[in-house]
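Examination of the molecular architecture
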Amino acid sequence: MVFSSIAFLIYFLPINLVLYYILKTRDQRNAVLIVFSLIFYAWGEPVWISLMIFSAVVDFLCGRWIARQTVPLKRRLGLIVSLASNLGLLGFFKYGGFFVDNINQLFHLSLPFHAFALPIGISFYTFQTLSYTIDVYRGDVEPNTRFFDFLLYVSLFHQLVAGPIVRYRDVAHEIRHREENWSDFSYGVNRFCIGLFKKVYFGNIAGEIGSVMLDGDLTKLSVSAAWLGSACFALQIYYDFSGYSDMAIGLGRMVGFHYRENFNYPYISESISAFWRRWHISLGSFFRDYVYIPLGGNRRRFIRNMAVVWFLTGLWHGASWNFVLWGLFNGVLIFAERWGSQLFRDFSLPALIVQPIKHVYFLAAMLVGWMIFYYPAVSDGFTYIGIMFGYGADGLVEPSTITTIQHHFVFFALAVMGTTPLFEWLWKKLKGHEHLWAETALHFGLLAISLVYLIGQSYNPFLYFRF
Amino acid sequence: MREFKLKAVLFVGGLLALGIANGVYFDDSYISYTENRRLAPWPEWSYEDFFSGAYTTGIDDFLRDRFLYREAWIDLSTKLSSFQGLKTQDDFVLLTTNGANEAAAGEEKTVRSAKIVHDVAHYPDDIGMLIPVKPEKGVDVSKVEFSDDYKTNILIYDQKGMTSYVYKPDTVDRLAEAYNHFSDNYLDKLKVYVLMAPSPVAFVDDDYARYTDNQYDAIQQFYDGLEHDIVKIDPYSALAAHQDEYIYFRTDHHWTSLGAYYAYTEACKKMGFKPYDLTAFDELTDIDFLGSIYNLTQSDVLKTHDDKISAYVPKANVTYKVFTSQSTLDYDSVISEDFDIDDYKYKLFLGGDFGLAVIDNLDQPENGETLMIIKDSYGNALTPYFVNHFKRIVVVDLRYTSKSVGELVNEYGVNRLMLVNSGQALAAESYADILENVN
């Protein structure tokens, strides 16, 4: 199931919340969350729900084992079992086909591999359970002693399918000792409505506009259309993803969980390094804490560590070379930025000049990067990027780009403003006193518009029924 | 604090109320006329579907398609979308569709997602779209999917809309081969004619030609690929000579009765007939019509410049029988407002698409010739012109029947056979599938 579906909005969510608040004890309430989470997952993935439960069982047992052992070797064994089973599942289901394809191509073999459809959310929940056993191993967190509490952490539908990657230590206390209150609930409603609107309005519409350029005939694409297409994709992926994170955070708040923020206006960055501190924060910090720093961080073998982290960050996004390339592209730019800032250390220019230049550089780099990300075939991505810089482009500007912008001018203006803190700032300025009713009206308005669009999107005429 | 609680209650209560209302009074429409498609039914339970996820997807589709007052919600979303842009002088609109009928972007109504299976086999009889015959053998037309063949643009300019053509030479070759394969069964017994009608985009204004492939080249390639013995009726130049006249609808993807007339005159040259003048027909005029391109785009421009159908009705006394799976319908005209045309006015011609229909001209001598027309909907506006030349016309639409053409040819004593399609068929691999599998 997805949050932006009618079944979720008018049945699953309200029934879940009503049952949750009718029941009073912590155990009952947690049970409601588990049952609903399993239904939520099984709705889209009735078979591989077994995998998620298996993963939860393994990590639960490993966590307990590690905590009980005193001999370092035995503790390490527990960690290895957990790592092997989590990464093994991820490797088999997500990367198996990719791996075998590459081996076959490299050695001219034809090893058979039955590729399964990627189980929903596997990239998220395996990372969550991994963070748990590693933290237990490091002694950063107490192991959980009640399986159902642990299962709740793994399966909770709020962040199960699209993140953020919630660390066990961030919610360990709240699994049994959270305090629901109406103020949190109300805040959760706000975040949920905003997130849904971001996804349904901005994300979906930007995606539709973008697909005209991105999925069309590339030989007929002009330079301006190519940049517009890439910008649409940048908007789409930001609003989709941050919208989902907002909804997850909101859903958590409704029942007393506090998840960390996952996005912090990434597109206002002035460098790729800054971008990664603001974009999908839970993933970046996962790789920082569990890969980069253990490898030695920037003290020891910095370049190797960078390469490994950005290779993995890319690969995490999908089993395809374009994602790896995208990861490395980011890594190289971050490395270059570091080197560049040392080089220009002694120059000082007014911020008024430097900042716009930096921002333009960042936007261009990001938009080029997204096109590596967008096209699974690396050659398509390069063709597209070539067009962005005039190579193989069909002119600089053509009428349809201009009409596309005109026909969506208000949308684009709002969408771009929405990637900055402008609205938040404006709202705080206006708020001052008691504006709860205005706030409620605003958020319910966004919810209503989202519903209108969701149902409106079912309008699906069939033109060629009669040719 | 009380305000917070009230907000929470309103949120949950509001959503739940929608849920309950939808559970009690869901929209039970079976079909959406404006969208020209069947609305999703409640899925049938099976373990297989459940484990593949198809069952739950079916529920999602059902909820979306049957949402209470769905049309009002859709209207509202169209209105909201109209605030996305700036009104401009230039009213050119380009919408792009990806996949089956997934359109995106544009000032107008946008449409998207979901690959729709071409499920004619499930259409009910009473609205005349039908013939739910399950083929005994050969291709199961209910499983024919329109795939990426149909990745198209929709252009609106000068108050008219049209869909672009996607030229894939391999597909055109395959279709020509399929026509040859099909015709091989009949060439030794019958005269076989093929008429490939250009669709409106074949005459697109030069300013917008970049948004479509060239259909003229495709049609020429198609004719070049046909066997020598097939008589090729190419109406392109006849239509081109009149392209400033009202030969295509503005809001629909079909040609007008007038456009079909020019193709008819071209056909007569190849068939050895002298064409009748338009004055030899009764004229039905001024029927207001908003067609498929309007339905797809919900364009305000098209709505204010709707089509006026004029139709040329043969004066001969005819009987017109339509065979559906359940009944035979009898009419005394081939162009009539008495057909059930309210949902789609192009059904004025022959009453729409049927697997099998037979026209008898009572004014012709008993030993007159019989023509079989195998057509898509472009044939509907064309067929009536041939009534004056034949004792009997057997009209077959292979998309809606699995009857054996060979048997029908024998049964009705067919003398000539004509295949009529719109140029859009030259992008449809699925039509080649059908032709290769009928017998």
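This structure is a prediction, so every number in the text was calculated from the model and none was measured.

Another point: the overall build of chain A. Assigned secondary structure in chain A consists of 20 helices and zero strands. Looking at the 467 residues of chain A, the share that counts as buried comes to 57%. A separation threshold of at least 6 residues defines the contact pool for chain A, and within that pool the share at least 24 residues apart is 75%. Total accessible area computed for chain A in this model is approximately 20,100 Å², and 68% of it derives from carbon and sulfur atoms.

For the rest of this paragraph, the subject is the nonpolar core. Core analysis: the biggest nonpolar cluster contains 151 residues, and Phe8(A), Phe192(A), Tyr267(A), Trp279(A), Trp370(A), Tyr384(A) and Phe11(B) have the highest contact counts within it. Broken down by element, this core gets its largest block of residues, 16 residues, from helix H10 (residues 223-254) of chain A. Setting aside residues no more than four positions away along its own chain, Phe11(B) makes contact with Leu13(A), Leu17(A), Phe185(A), Val189(A), Phe192(A), Cys193(A), Met254(A), Phe444(A) and Leu447(A). Among the nonpolar cores identified, the runner-up in size contains 59 residues, and Ala197(B), Phe203(B), Ala263(B) and Phe339(B) belong to it.

Moving on: the pairing of strand S11 (residues 318-323) of chain B. Strand residues, when the strand is regular, have side chains that alternate between the two faces of the sheet. The side-chain alternation of S11(B) yields one buried face, formed by Val318(B), Tyr320(B) and Val322(B), and one unburied face, formed by Thr319(B), Lys321(B) and Phe323(B). What sits between S11(B) and strand S12 (residues 328-331) of chain B in their antiparallel hairpin is a turn of four residues.

We now examine a negative patch on the surface. On the surface, Asp158(B), Asp205(B), Asp206(B) and Asp207(B) cluster together into a negatively charged patch. By the secondary structure assignment, Asp207(B) is in the loop between strand S7 (191-197) and helix H6 (215-225).

All names here are of chain A. Helix length check: helix H3 (residues 49-68) (20 residues) gives 29 Å between terminal C-alpha atoms against 28 Å at 1.5 Å per residue, within 8%. Those residues of H3 not exposed but buried are Ile-49, Leu-51, Met-52, Ser-55, Ala-56, Val-58, Asp-59, Phe-60, Cys-62, Gly-63 and Ile-66. Elements that come into contact with the buried residues of H3 comprise helix H2 (26-44), helix H4 (72-107), helix H5 (122-138), helix H6 (147-155) and helix H7 (157-160).

A few words now on the confidence of the model for chain B. Per-residue pLDDT for chain B has a mean of 81; in total, 82% of the residues score no lower than 70. Within the model, the stretch residues 98-150 of chain B combines pLDDT values under 50 with 179 contacts to residues more than four positions away or in other chains.

Another aspect to go through is the side chain of Ser336(B). All names here are of chain B. Relative to the helices and strands, Ser-336 is located in the loop between S12 and strand S13 (356-361). For Ser-336, a relative accessible area of 11% corresponds to the buried category. Separated by 2.7 Å, the side chain of Ser-336 and the backbone nitrogen of Asp-338 make a polar contact. When residues no more than four places from it in sequence are discounted, the contact partners of Ser-336 are Ile-341 and Leu-348.

What follows concerns the pattern of salt bridges. All told, the structure shown has 33 salt bridges over all chains when counted by the stated rule. A salt bridge links Glu429(B) to Arg174(B); the shortest N-O distance between them is 2.3 Å. Note that Glu429(B) is positioned in helix H13 (residues 429-437) and Arg174(B) in helix H5 (residues 169-184), a separation of 255 residues in sequence. Judged by relative accessible area, which is 23%, Glu429(B) ranks as partly exposed. One salt-bridge network, in which partners are shared between bridges, spans Arg26(A), Arg29(A), Arg178(A) and Glu180(A).

Attention now moves to the side chain of Arg178(A). All names here are of chain A. For Arg-178, the position within the fold is in the loop between helix H8 (168-177) and helix H9 (182-214). At 2.8 Å, the side chain of Arg-178 and the side chain of Asn-30 are in polar contact. Not counting residues up to four positions away in its chain, the partners in contact with Arg-178 are Tyr-20, Arg-26, Asn-30, Leu-33, His-173, Val-255, Gly-256 and Phe-257.

Time to look at the sheet that holds strand S14 (residues 370-375) of chain B. Residue and element names in this part refer to chain B. As summarised here, the arrangement of the eight strands in space is S8-S7-S16-S14-S15-S13-S11-S12, forming an open sheet in which the pairing is mixed. Each edge of the open sheet carries a strand with a single partner, namely strand S8 (231-233) and S12. On average, each strand axis in the sheet is inclined to that of its neighbour by 20 degrees, with strand direction left out of account. Examined bridge by bridge, S14 and strand S15 (residues 392-396) share five bridges and lie parallel to one another. The residue bridging Ile-374 from the neighbouring strand is Val-396, located in S15.

The rules behind each value
Per-chain numbering applies: the sequence of each chain, read as written, is numbered from 1 onward. To read the labels, note that chains go from A and ligands from 1, taken in the order they are written. For a predicted model such as this one, the threshold for reporting local features is a pLDDT of at least 70, and the threshold for listing and counting side-chain atom pairs is 80 or more; totals across whole chains, interfaces and linings nevertheless cover every residue. Side-chain numbers come from the whole structure's heavy atoms, not from hydrogens or water. Here a strand is any run of E in DSSP of at least two residues, a helix any run of H or I of at least four, and the numbering for each starts at the N terminus. Exposure is judged per residue with a 1.4 Å probe applied to protein chains only, and the accessible area is read against the type maximum: over 50% gives exposed, under 20% gives buried, and values in between give partly exposed. Should any heavy atoms of two residues lie within 4.5 Å, those residues are counted as being in contact. To measure how exposed things are, a 1.4 Å probe is used in the Shrake-Rupley method; for residues, cover is taken only from the protein chains shown. Residues belong to a common nonpolar core when they are buried Ala, Val, Leu, Ile, Met, Phe, Trp, Tyr or Cys residues joined through side-chain atoms within 4.5 Å. For two strands to be treated as a pair, DSSP must find at least two bridges joining them. Patch members must show over 30% relative accessible area and no salt bridge, and they are joined within 9 Å when carrying like charges or within 5 Å when they are nonpolar side chains of Val, Leu, Ile, Met, Phe, Trp or Tyr. Every case where a carboxyl oxygen of Asp or Glu lies within 4 Å of a side-chain nitrogen of Lys or Arg is listed as a salt bridge. The charge count includes Lys and Arg as positive and Asp and Glu as negative, but it does not include His or the ends of the chains. Where a charge lies is defined by one atom per residue type: Lys uses NZ, Arg uses CZ, Asp uses CG and Glu uses CD. Expected helix span is taken as 1.5 Å per residue step, with the number of steps being one fewer than the number of residues. Confidence scores here are pLDDT values: one per residue, from the predictor, ranging 0 to 100. Contacts described as polar in this section are N or O atom pairs within 3.5 Å, which, within protein, must combine one atom able to donate a hydrogen with one able to accept it, while residues neighboring in sequence count only if both atoms come from side chains. Axes here mean lines fitted to C-alpha atoms, for a helix over just the part in contact, with angles spanning 0 to 180 degrees between N-to-C directions.

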